[in-house]
Amino acid sequence: MAAKGFIELLRLADRGKRRQVHQIDLESRWSGVAFEMLGKYFIAPLGDVAEVIYTPEWTHIPNTKVWSCGVANLRGRLLSITDLPAFISDTSSELKQTSKVLCLSHPEHYCGVIVDQVFGIQHFNTRSYFQKSDDLSGSLKEFCQGYFMHQNKPWHVFMLRDLLNSQSFMNPSLT
């Protein structure tokens with residue numbers, strides 16, 4: 001009888017150890033929505049992206065900058081659409097077949113940014129994070145905070161919420 005109890009204790013201890021290792025793995029992971037833009041790879045924090053959608057039809061708004069696409073009706077809500085690669089590069093860009101819209105939901109703003117491609121939710125090891133990157137141009141540096149090295153590629157952390165604090169992003173008017 002005592003042997004069965006001891007074996008049960010060993011089994012429970014082993015199960016607890018496996019749970020603890022799993023918890024450590026979760027703590028050393030960082031997850032976000034991965035996407036490609038301008039030939040570079042980015043990841044946005046999960047909290048910045050409300051949803052990912054195919055590019056909807058939109059109504060163009062006159063007298064706006066080239067990167068401001070217009071507004072779309074998404075389930076009864078007006079969603080402003082911005083071409084993020086055009087905003088970053090300050091030139092017009094072509095919509096690709098793989099393009100998607102990352103929807104940002106903020107208490108005061110509801111907007112979508114078009115990116116070249118979305119890879120879904122990706123998980124990165126926090127030990128592969130680096131704070132400084134010399135790989136980005138000046139306009140991208142404003143919105144990126146470090147990068148993860150994954151599969152021999154830098155995945156830059158793009159802070160989409162910082163777009164909403166940018167005067168140039170929040171004012172698409174030509175006048």
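Just so we're clear, the structure is a prediction, and the values are computed from it rather than from any experiment. In this numbering scheme, every chain counts its residues from 1 along its sequence in written order. A pLDDT threshold of at least 70 governs which residues receive local features in this predicted model, and a stricter bar of 80 or more applies before side-chain atom pairs are shown or counted, although totals over entire chains, interfaces and linings include all residues. Values reported for side chains reflect all heavy atoms of the structure, with hydrogen atoms and water molecules removed beforehand.

Peer 1: Account for the overall build of the protein, naming residues and giving values.
Peer 2: Starting at the N terminus, helices and strands are each numbered in turn, a helix being any DSSP run of H or I of at least four residues and a strand any DSSP run of E of at least two. Counting its regular elements, the protein contains five helices and eleven strands. Accessible area is worked out with a 1.4 Å probe on protein chains only. A residue is then buried under 20% of its type maximum, exposed over 50%, and partly exposed in between. Burial status across the protein gives 37% buried among its 175 residues. Between two residues, a contact is recorded if the distance between any of their heavy atoms is within 4.5 Å. Considering only residue pairs separated by 6 or more positions, the protein has 59% of its internal contacts joining residues 24 or more positions apart.

Peer 1: Could you give an account of the packing of aromatic side chains, naming the residues involved and the relevant values?
Peer 2: The criterion for an aromatic pair is that two Phe, Tyr or Trp rings (for Trp, the six-membered ring) have centres within 6.5 Å, with stacked assigned to planes under 30 degrees apart, edge-to-face to planes over 60 apart and tilted to the rest. Considering all chains together, one arrives at 16 aromatic pairs under this definition. Here F87 and F143 contribute two aromatic rings whose centre-to-centre distance is 6.1 Å and whose plane-to-plane angle is 50°, an arrangement assigned as tilted. Here the residue F87 occupies a position in helix 2 (residues 84–89), and F143 occupies one in the loop between helix 3 (138–141) and strand 10 (144–150), the gap between them amounting to 56 residues. Per residue, the accessibility class of F87 equals that of F143, and both read buried. Every member of this aromatic cluster is reached through a ring pair, and the members are W30, Y41, F119, F124, Y129, F148 and W155. For a Lys NZ or an Arg CZ to count as sitting over a ring, it must be within 6 Å of the ring centre and within 35 degrees of the ring normal. A cation over an aromatic ring shows up here: R77 above the ring of Y110, its NZ or CZ 3.8 Å from the ring centre.

Peer 1: Describe the nonpolar core, with residues and values.
Peer 2: Throughout this description, the term nonpolar core refers to a set of buried Ala, Val, Leu, Ile, Met, Phe, Trp, Tyr and Cys residues connected via side-chain atoms within 4.5 Å. Ranked by size, the top nonpolar core spans 26 residues in total, and within it F35, L84, L102, F158, L160 and L163 carry the most contacts. When contributions to this core are tallied by element, the ones reaching two or more residues are strand 1 (29–37), strand 2 (40–45), helix 2, strand 6 (100–105), strand 7 (110–115) and helix 4 (160–163). Among the nonpolar cores identified, the runner-up in size contains ten residues, and I53, L79, C103 and Y110 belong to it.

Peer 1: For unusual backbone geometry, give the residues involved together with the corresponding values.
Peer 2: Notably, R75 is not glycine yet its phi reads approximately 55°, a positive angle. By the secondary structure assignment, R75 is in the loop between strand 4 (68–74) and strand 5 (77–83).

Peer 1: I'd like a rundown of the side chain of T82, residues and numbers included.
Peer 2: Considering the arrangement of structural elements, one finds T82 in strand 5. Given the relative accessible area of 6%, T82 is considered buried. If we skip the residues at most four places from it in the chain, T82 touches W67, C69, F87, G112, V113, I114 and F169.

Peer 1: Outline the pattern of salt bridges, supporting the account with residue identities and numerical values.
Peer 2: Each reported salt bridge corresponds to a side-chain nitrogen of Lys or Arg within 4 Å of a carboxyl oxygen of Asp or Glu. Scanning all chains against the criterion turns up three salt bridges. Residue D48 is joined to R161 by a salt bridge in which the shortest nitrogen-to-oxygen separation is 2.6 Å. Within this pair, whereas D48 is found in the loop between strand 2 and strand 3 (51–54), its partner R161 is found in helix 4, the two being separated by 113 residues in sequence. For D48, a relative accessible area of 6% translates into the label buried. Given a relative accessible area of 40%, R161 falls into the partly exposed group. Close ionic contact of D116 with K96 constitutes a salt bridge, the shortest N to O distance being 3.6 Å. Remark: K96 occurs in the loop between helix 2 and strand 6 and D116 occurs in the loop between strand 7 and strand 8 (117–125); sequence separation between them is 20 residues.

Peer 1: Please provide a residue-by-residue account of the environment of T91, values included.
Peer 2: Position of T91 among the secondary structure elements: in the loop between helix 2 and strand 6. Separated by 24 residues in the primary sequence, T91 and W67 have C-alpha atoms spaced 7.7 Å apart. The residues touching T91, leaving out its near neighbours within four places in the chain, are V66 and A86. The definition of a polar contact used here is a pair of N or O atoms within 3.5 Å, where within protein one atom must be able to donate a hydrogen and the other to accept one, and adjacent residues in sequence count solely through side-chain atom pairs. Of note is the side chain of T91, whose polar atom sits 3.1 Å from the side chain of S89.

Any link to function would need more than the numbers given here.
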